[in-house]
Amino acid sequence: MVVTDFWAAQTVPKSFQAGVAAWRTAIAESQQSATACDSVCRCAPHHAGLASKLHASAVCLLQATLNRCAIVGPPTQLNEYTTNSTLRERCTGFECYFQPISRCSQQAGASRSSVKTIHADQRHLLQPFARVANMTGLRSELLIMSTLVAWVMRPQPILVDAAHHFAVLAGIAADEAPRCVSQHVRHGDKVNALRSNAALFERLSSTSFWRWGVRLATVHGGERVLFMTDASSVQEDLTSFESPVPFVPVPAPLECFVAAGHVKGAATDVLKRRRGKGLSSSPACNPTFTDEGLQMISGIVLLSQCMLFVGQQTSNVDRVVVELLATRQYPPASYDVLNDVYAPAAMGVGLHELTTWRGAMTSVKNTRNDPRVEDSEPVRVARPVVAHGSSDGAGGLLPSSALAAAWQPATQGAPAPPRLRIAWLGVKNETVSSVCSSAEDVQYYCEWYRALRDSPEVDLSVTDLLNPDDTPRTGPLSADAILLPHYCTVNVPRLPVCFVKVRSDDPPLVVMLNKMFEGVRAKMSTLHRHRQQVALIVAATPTLRQYEQSSGVRAAFLPYGVSPRFGIHA
């Protein structure tokens, strides 16, 4: 029996049941309760492939659930995938394939002034995940996302019928627990970045996926290998290689595809191969289901039926499959041909797309936008503290007695150490407290600011580089340390200007490097010139040792966003 409603079918181990149940209740109540439509929101448009749009919808639902607002209108547009003319007469886009996201979906015409727009930030999810954990006790990124995706993908009857039709073609329709291995071979735009590395490029070849499929089917007793690909050459290779188990293309053989309109998404090359060709007369190719959206979503559904999955976590399709697998068997049995690990939505994707690894298990060179604690090198907490005024150019920990006391473990019964007095430098009329006044602002420096502001160990004050009348200060700031935040490091020219305005008798400085890391060499040169004033560099990068060597200043890891262990870093 093919599972198409993963929300209804979700099962998890006993140790996770309470947290998942609480999270499911929160989602359902925010979108379906009798009072849900009292507070409504709308998902901002997201322009990408189909599976990326599903993740954007899941992240929008995440924010809507946390803010207790029901989503009006479809969470994303899938109009370009509705290519079946008969289907388009009845519907277009998201709700052709999936149930309305909320009971308020038809209120799309509600006054825009009363509808909050959610801009789904798929790269920075640590804070909302932490809120879910605090609210429900569920501390699994994968289970949080799989539950969201399962709600988003609750199927319409046409999708149920299409998935069953394609399951019959694949030979798994009658199996209660299909004994199959599933694969997604993404070549369209994910493989080009690896062409210069022959060893890695070979891992994505048809031959490599054939080896994976045969070996895993042999080890686990698989009867067939289901695969979906965007490359017609891969489909031809895997179906023609001699094999002890059959390789079956899903959702359908090549002749069942018909290219229509603009060819987009994961079926790009397969559809291009079919451009200008009509639908095969084979009984397998039912015209009712000849629709790009039905075919691609059905392919994802079928891949999620098998015992285990092989793919590449740089693909949104692969991550959706893993998330759907996790609703039925947890943890899911999934393999990545590049030895990567799962990462939710777009967490781990650098600003330059096509980074080789996302999960950060293999490569330390990837630019990560929302680093976790484990992304950094291990940090030893017990370190000698450099006294204030030390000539040690490398800095060490912040050279202030208050900070030294806070870093030493308190003995039982001893009074708590004094709160650290930290001065956060802003700019005139645009201090961080005003810029980040909205609790919805998820800029990384706002998260840093709030975490320090709310820490019981820190007395945070926001001050300006100059006096209110723009005259230089006549005395040092009264603080244990000064933070030079994003304003001073966002580009190369600003950093030396900030140093000019800092007095020589000011407290030691902590430089917070902005997440973009532009002009790192020039910034390190500036820090090296002022290393006597700087006690510490903090940055979210695994290359801290290189920063120390080039600047002469100690560097420490500080994450973007709020994590359960943020207090250690703060």
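Residues numbered from 1 in each chain as written. Predicted model: local features only at pLDDT ≥ 70, side-chain atom pairs only at ≥ 80, totals over all residues. Heavy atoms only, no water.

Points about the overall build of the protein
Across its full length, the protein holds 22 helices and 14 strands. Residues counted as buried form 54% of the 570 residues belonging to the protein. Of the roughly 24500 Å² of accessible surface on the protein, a fraction of 53% belongs to carbon and sulfur atoms. (Helix = DSSP H or I, 4+ residues; strand = E, 2+ residues; numbered from the N terminus. Buried < 20%, exposed > 50% of the residue type's maximum accessible area, 1.4 Å probe, protein only. Areas by Shrake-Rupley, 256 points an atom, 1.4 Å probe, with all protein chains shown as cover.)

Considerations on the sheet that holds strand β8 (residues 334–336)
A sheet is described by the order of its strands in space; here five strands give the open sequence β6-β5-β4-β7-β8, paired in parallel fashion. Each edge of the sheet is formed by a strand with only one pairing partner; in this case those strands are β6 (247–249) and β8. Strand-to-strand twist across the sheet, computed as the mean angle between neighbouring axes with direction ignored, equals 25°. Where helix α13 (residues 292–303) meets the sheet, it contacts β4 (180–185), β5 (224–229) and β7 (308–311), and its direction lies at approximately 145° from that of β5. (Pairing = 2+ DSSP bridges. Axes fitted to C-alpha atoms, helices over the stretch in contact; angles between N-to-C directions. Contact = heavy atoms within 4.5 Å.)

Details of the confidence of the model for the protein
For the protein, the average pLDDT comes to 77, and 70% of its residues sit at 70 or higher. When mean pLDDT is compared element by element in the protein, helix α7 (residues 141–152) scores highest at 97, while helix α15 (residues 401–407) scores lowest at 37. Counted against residues more than four places away or in other chains, residues 379–411, with its pLDDT under 50, gives 48 contacts. (pLDDT = per-residue confidence, 0-100.)

Concerning the nonpolar core
Within the largest apolar cluster, 84 residues are counted, with the highest numbers of intra-cluster contacts made by Trp23, Tyr97, Phe98, Leu148 and Leu226. If one sorts the elements of this core by residue count, helix α3 (residues 50–66) sits on top with ten residues. Counting residues in hydrophobic clusters, the runner-up holds 24 residues, among them Ile482, Val534, Leu544 and Ala555. (Core = buried A, V, L, I, M, F, W, Y, C linked by side-chain atoms within 4.5 Å.)

Side note on the pairing of strand β1 (residues 40–43)
Burial along β1 is two-sided: the residues Val40 and Arg42 and Cys41 and Cys43 are all buried. The pairing of β1 with strand β2 (residues 70–71) spans two bridges and is classified as parallel. Within β2, the position partnered with Cys41 by the bridge is Ile71. Where β1 lies against strand β3 (residues 116–118), three bridges are found, and the strand directions are parallel. Across the sheet, the residue bridging to Cys43 is Ile118, located in β3.

Digging into the packing of helix α20 (residues 520–529) against helix α21 (residues 544–551)
Look at α20 against α21: their axes get within 8 Å of each other, and the N-to-C directions meet at 50°. The angle between α20 and α21 places the two elements in the oblique class. Across the interface between the two elements, Val520, Met524, Leu527 and His528 from α20 touch Tyr547, Ser550 and Ser551 from α21. (Parallel < 35°, antiparallel > 145°, perpendicular 65-115°, else oblique.)

Details of helix α11 (residues 232–240)
By the burial criterion, the buried members of α11 are Ser232, Val234, Gln235 and Leu238. Considered in projection along α11, the buried side chains sweep an arc of 155° and stay on one side of the axis. (Arc of directions from axis to C-beta.)

So, unusual backbone geometry
In this structure, Pro251 follows Val250 across a cis peptide bond, with omega equal to 5°. With respect to the helices, strands and loops of the structure, Pro251 is situated in the loop between β6 and α12 (268–274). Omega for the bond connecting Tyr330 with Pro331 falls within 30 degrees of zero, at -5°, which places this linkage in the cis form. With respect to the element layout, Pro331 can be found in the loop between α14 (316–326) and β8. Here the phi dihedral of Arg68 falls at roughly 50°; this positive angle occurs in a residue that is not glycine. One non-glycine residue, Asn339, lies in the positive phi region at around 60°. Of note, Asn339 is situated in the loop between β8 and α15.

Observations concerning the sheet that holds β1
Taken together, the three strands give an open sheet; going across it, the order is β2-β1-β3, and neighbouring strands pair in parallel fashion. Looking along the sheet, the strands with just one partner apiece sit at the ends: β2 and β3.

A few points about the pattern of salt bridges
Tallied over the full model, the rule gives six salt bridges. Across the salt bridge formed by Arg421 and Asp480, the nearest N and O atoms sit 3.4 Å from each other. Placement of Arg421 in strand β9 (residues 420–426) and of Asp480 in the loop between β10 (458–464) and β11 (481–484) is noted, with a sequence separation of 59 residues between them. Classification of Arg421 by relative accessible area gives partly exposed; the value is 36%. For Asp480, a relative accessible area of 11% translates into the label buried. Put simply, Asp505 and Arg503 hold a salt bridge, and the shortest N to O gap is 3.0 Å. By relative accessible area, which is 39% here, Asp505 ends up partly exposed. (Salt bridge = Lys/Arg side-chain N within 4 Å of Asp/Glu carboxyl O.)

Quick word on the pairing of β5
Across the six residues that make up β5, a large majority, six, are buried. Taking every second residue as pointing to the same face, both faces of β5 are buried, with Arg224, Leu226 and Met228 on one and Val225, Phe227 and Thr229 on the other. The pairing of β4 with β5 spans six bridges and is parallel. Paired with Val181 across the two strands is Val225, which belongs to β5. Two elements, β5 and β6, share three bridges in a ladder whose sense is parallel. Looking at β6, one finds that Leu226 is bridged to Val248. You can see the chain leave β5, run along α11 and come back into β6, and the turn it takes is right-handed. (Right-handed = clockwise from strand over helix to strand, strands pointing away.)

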